Amino acid sequence: MATTKVWNFLLPTSGVHCLRVTNPGSKTPTVVLDENEFPPQQALIYPGPDNSLLELKCIGGSAWSLLVNGLPVEEYVDGRRSSGDESFRELRNKPDGNYTIAPKFDASHLALNIVRKFRFTVGGIIYEVQISQIGRAMNTIWQMLLDGILVERAAHTFSDGKKGMPFTLCVANHVKLSAVL
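The rules behind each value
- Residues numbered from 1 in each chain as written.
- Predicted model: local features only at pLDDT ≥ 70, side-chain atom pairs only at ≥ 80, totals over all residues.
- Heavy atoms only, no water.
- Core = buried A, V, L, I, M, F, W, Y, C linked by side-chain atoms within 4.5 Å.
- Buried < 20%, exposed > 50% of the residue type's maximum accessible area, 1.4 Å probe, protein only.
- Helix = DSSP H or I, 4+ residues; strand = E, 2+ residues; numbered from the N terminus.
- Contact = heavy atoms within 4.5 Å.
- Pairing = 2+ DSSP bridges.
- 1 Å grid on protein atoms, 1.4 Å probe; cavity = no way out; pocket = protein on both sides within 12 Å on 5 of 7 lines; lining within 4 Å.
- Points joined across faces, edges and corners; volume = space filled by probe spheres on them.
- Patch = residues over 30% accessible without salt bridge, like charges linked within 9 Å, V, L, I, M, F, W, Y side chains within 5 Å.
- Areas by Shrake-Rupley, 256 points an atom, 1.4 Å probe, with all protein chains shown as cover.
- Salt bridge = Lys/Arg side-chain N within 4 Å of Asp/Glu carboxyl O.

Q: Break down the nonpolar core for me, with residues and values.
A: Grouped together as the largest cluster of nonpolar side chains are 23 residues, with contacts concentrated most on Trp7, Phe9, Leu19, Leu54, Leu56 and Leu66. Sorting the residues of this core by element identifies strand 1 (4-11), strand 2 (15-22), strand 3 (30-33), strand 6 (53-59) and strand 7 (63-68) as the ones contributing at least two each. Beyond its immediate stretch of four places on either side in the chain, Leu56 contacts Trp7, Leu19, Val21, Val31, Leu44, Tyr46, Trp64, Ser65 and Leu66. Core analysis: the second largest hydrophobic core is formed by 13 residues, Tyr127, Val129, Met165 and Ala172 among them.

This is the structure we're talking about:
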């Protein structure tokens, strides 16, 4: 079965870019940068936008990371985190300047437990919100997706007294919709 990993990253002069890698552990993975496929090669280093250097690195024998000019691109960890940091970006222990910013997290490669789906229309465009759940009623982590992109993560315990978890969705023409889970 083919595995695909997606990284979105931000470069100061050219903006947001997307690298999609299918079968990263194979001899010749399929590597696509901003809709342009690289020719098959065994090396895991590629030329990037703005004369940047993109490097795929295997960590721990199975997990893959993208480095842009030697700095890792922010990763999203979808399960419970050993650091205890259940915030969306998990940057509490990462000093500024030691990572490449990921402006969004594509969830297509994550095995999420989707428990609800909602569709709505704004400006004639149909959007889909998905809610993923980790854990049970007493200790739950909720993950919200908008059209396959993670937009929010919230931890909830039975004793925290929260009656709902507010989040904001940015849709067509920068319209912001407030919602509560």
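Q: So what about the sheet that holds strand 2? Which residues, and what values?
A: The strand order 1-2-3-4 describes an open sheet built from 4 strands, whose pairing is antiparallel. Strands at the two margins of the open sheet, each flanked by one partner only, are strand 1 and strand 4 (36-37).

Q: Just give me the short version of empty space enclosed by the protein, but keep the residues and values in it.
A: Applying the stated criterion to the full structure yields 1 cavity of 30 Å³ or more. When its volume is computed, the largest cavity comes out at roughly 100 Å³. Surrounding the largest cavity, 14 residues form its lining, Val6, Tyr76, Phe105, Asp106 and His109 being those nearest its centre. For the lining of the largest cavity, the secondary structure elements donating two or more residues are strand 1 and strand 9 (105-106). Here the element with the most residues in the lining of the largest cavity is strand 1; it accounts for 4 residues.

Q: Would you mind going over the pairing of strand 7 in detail, with residue names and values included?
A: Every other side chain in a regular strand lies on the same face of the sheet, so the side chains alternate between the two faces. Of all the 6 residues making up strand 7, 5 are buried; the element is thus mostly covered by neighbouring parts of the structure. Where strand 6 lies against strand 7, 6 bridges are found, and the strand directions are antiparallel. Pairing of Leu54 across the sheet is with Val68, part of strand 7. Counted along the chain from strand 6 to the antiparallel partner strand 7, the turn is 3 residues long, and its residue Gly60 has a positive phi close to 70°. Both strand 7 and strand 8 (residues 71-72) contribute to a ladder of 2 bridges, which runs antiparallel. Bridging from a neighbouring strand, Leu67 pairs with Pro72 of strand 8.

Q: Run through a nonpolar patch on the surface, naming residues and quoting values.
A: A surface patch of nonpolar side chains, about 230 Å² in accessible area, is lined by Leu10, Val16 and Ile101. Relative to the assigned elements, Val16 resides in strand 2. Owing to a relative accessible area of 46%, Val16 belongs among the partly exposed residues under this scheme.

Q: Hey, could you go over the sheet that holds strand 8 for me, with residue numbers and the actual values?
A: With respect to topology, 4 strands assemble into an open sheet ordered 5-6-7-8, the strand pairing being antiparallel. The open sheet terminates on both sides in strands that have one partner only, identified here as strand 5 (45-47) and strand 8. Where strand 5 and strand 6 come together, 3 bridges link them in antiparallel fashion. Each bridged residue has a counterpart across the sheet, and for Tyr46 the counterpart in strand 6 is Leu54.

Any functional reading would require information that these geometric values do not contain.
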